[in-house]
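# Structural features, examined
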Amino acid sequence: MPKPVAQGSQGQAKGNTMKKPSWVIDKERAKRAAAAETVWLFGLHAVRDALMNPARQKLRLVLTKNAADKLGEAIAAGGLEPEIAEPRRFDTLVPLSADSVHQGAALEVKPLDWGRLDDVALTGAGAPLVVLLDRVTDPHNVGAVLRSAEVFGARAVIAPARHSAPETGALAKTASGALERQPYLRVTNLAEAMRDLREMGYLLLGLAGEAEMTLAEGLAQVGPRPVGLVLGAEGPGLREKTRETCDMLVRIPFAGAFGSLNVSNAAAVSLYAAVNR
């Protein structure tokens, strides 16, 4: 004789089924999207540097014969058989914008994984110096910042995962190879990353045109300690939360009354000053 089922047992079983919190679902969705994400790099220099980078996962290489002749050594190092395309058909084979100066070379890749912030900031190559970008979305500006960061030996360029420039062909081309060598970390929350850096011993200097203290004065107070240079997008500048998380706000003094620099030039000036403090 079958045992009677207690009333409410089915409802209780349903009630015991745990639903994933929305933040877990969002994180898993973002992880899947990142795994599926690919980037098309273009131009002889960007493609050559990516092919020569053993850390770069390479998926598809499309070249004209002329470009293949120029990239022979890099093709051998990359270990990826190129598809040779007729110049007039090249644009139909790769999903590049019409204004992309590809020089007959395009490479589909996975974005680079530079690892954890604390590993890069504490033990990465170069001086204990990082650049943080607050919602800088122009790939040309970010590419130029990466180039300057490499030149002056910064350990990383750090930006929020949202509202920042992702890896793109335009960014790679402007960076002139620095994208393959200069850590570019995109973090979930910039303010949290800034707090983590402060716990690691970094002092954070936010660049703001209205600040009373100059960059040189701020760096003099920092002394030999690790430093993070925090720069905002042109126009909006640093967000309020970002400002509050900085240790001090500083400005680059100008000779003229209405002097200004775009974010990539401001980063270059600040990096030079930080290295030579």
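Here's a quick rundown of the structure.

### Let's talk about the overall build of the chain
Helices and strands together make up the secondary structure of the chain, namely 14 helices and eleven strands. A burial count over the chain gives 43% of its 277 residues as buried. Put simply, of all contacts in the chain between residues at least 6 apart along the chain, 78% involve residues at least 24 apart. Total accessible area on the chain is roughly 15,400 Å²; 53% of this is exposed by carbon and sulfur atoms.

### A closer look at the sheet that holds strand 6 (residues 156–160)
Taking strand neighbours across the sheet as the criterion, the seven strands line up as 7-6-5-10-8-11-9 in an open arrangement whose pairing is parallel. Among the strands making up the open sheet, the edge pair consists of strand 7 (184–187) and strand 9 (213–214). With two bridges connecting them, strand 9 and strand 11 (residues 248–251) associate as parallel partners. When the sheet's bridge partners are listed, Met213 is paired in strand 11 with Val250.

### Digging into the sheet that holds strand 4 (residues 105–109)
Backbone hydrogen bonds hold the strands of a sheet together, and the pairing may be parallel or antiparallel. With mixed pairing, four strands are arranged side by side in an open sheet as 1-4-2-3. On the outer flanks of this sheet lie strand 1 (39–42) and strand 3 (83–84), each paired with one strand and no other. Where strand 2 (residues 58–63) and strand 3 come together, two bridges link them in parallel fashion. When the sheet's bridge partners are listed, Val62 is paired in strand 3 with Glu83. Sheet strands touched by helix 3 (residues 44–52): strand 1, strand 2 and strand 4. Its angle to strand 4, the strand with the most contacts, is close to 40°.

### Digging into the layout of surface pockets
Its volume calculated, the second largest pocket comes out at about 440 Å³. Elements with a contribution of two residues or more to the lining of the second largest pocket: strand 10 (227–232), strand 11 and helix 14 (263–275).

### Observations concerning unusual backbone geometry
Even without being a glycine, Gln103 presents a positive backbone phi close to 55°. Position of Gln103 among the secondary structure elements: in the loop between helix 6 (90–93) and strand 4.

### Details of the side chain of Glu167
Mapped onto the elements of the fold, Glu167 is located in the loop between strand 6 and helix 9 (169–175). At 2.9 Å, the side chain of Glu167 and the side chain of Arg56 are in polar contact. Polar contacts involving the side chain of Glu167 include one to the main-chain amide nitrogen of Leu112, which spans 3.0 Å. The contacts of Glu167, once residues within four sequence positions are left out, are Val39, Arg56, Pro111, Leu112 and Leu179.

### A look at the pairing of strand 4
Within strand 4, five of the five residues are buried, leaving the element largely enclosed by the surrounding structure. Both strand 1 and strand 4 contribute to a ladder of four bridges, which runs antiparallel. Bridged to Phe42 within strand 4 is Ala106. Pairing of strand 2 with strand 4, which is carried by five bridges, proceeds in the antiparallel orientation. Note on strand 4: the bridge partner recorded for Leu63 is Ala105.

### Re the environment of Ile158
Relative to the assigned elements, Ile158 resides in strand 6. On the accessibility criterion, Ile158 (0% relative accessible area) is buried. Excluding anything up to four places from it in sequence, Ile158 contacts Leu117, Val130, Val131, Leu132, Leu133, Leu185, Val187, Leu190 and Leu197.

### Topic: the packing of helix 8 (residues 139–151) against helix 14
One can describe the packing of helix 8 onto helix 14 by two numbers: an axis separation of 8 Å at closest approach and a directional angle of 15°. Taken as axis vectors, helix 8 and helix 14 run roughly parallel relative to one another. Along this stretch, helix 8 crosses helix 14, giving a crossing that reads as right-handed. Contacts between helix 8 and helix 14 involve Asn141, Ala144, Val145, Ser148 and Ala149 from the former and Val263, Ser264, Ala267, Ala268 and Leu271 from the latter. Of the residues assigned to the contact of helix 8 with helix 14, the class counts are seven nonpolar, three polar and no charged.

### Focus: the pattern of salt bridges
Side chains that differ in sign of charge can pair as their charged atoms come close. Scanning all chains against the criterion turns up eleven salt bridges. Residue Glu83 is joined to Arg60 by a salt bridge in which the shortest nitrogen-to-oxygen separation is 2.8 Å. Of this pair, Glu83 sits in strand 3 while Arg60 is found in strand 2, placing the two residues 23 residues apart along the sequence. A relative accessible area of 24% places Arg60 in the partly exposed class. One connected set of salt bridges, linked through shared partners, spans Asp49, Glu150 and Arg181.

How each quantity is defined
Residues numbered from 1 in each chain as written. Predicted model: local features only at pLDDT ≥ 70, side-chain atom pairs only at ≥ 80, totals over all residues. Heavy atoms only, no water. Helix = DSSP H or I, 4+ residues; strand = E, 2+ residues; numbered from the N terminus. Buried < 20%, exposed > 50% of the residue type's maximum accessible area, 1.4 Å probe, protein only. Contact = heavy atoms within 4.5 Å. Areas by Shrake-Rupley, 256 points an atom, 1.4 Å probe, with all protein chains shown as cover. Pairing = 2+ DSSP bridges. Axes fitted to C-alpha atoms, helices over the stretch in contact; angles between N-to-C directions. 1 Å grid on protein atoms, 1.4 Å probe; cavity = no way out; pocket = protein on both sides within 12 Å on 5 of 7 lines; lining within 4 Å. Points joined across faces, edges and corners; volume = space filled by probe spheres on them. Polar contact = N/O pair within 3.5 Å; in protein donor to acceptor, adjacent residues only side chain to side chain. Parallel < 35°, antiparallel > 145°, perpendicular 65-115°, else oblique. Left-handed = near helix turned anticlockwise from the far one by under 90°. Nonpolar A, V, L, I, M, F, W, Y, C, P; charged D, E, K, R; others polar. Salt bridge = Lys/Arg side-chain N within 4 Å of Asp/Glu carboxyl O.

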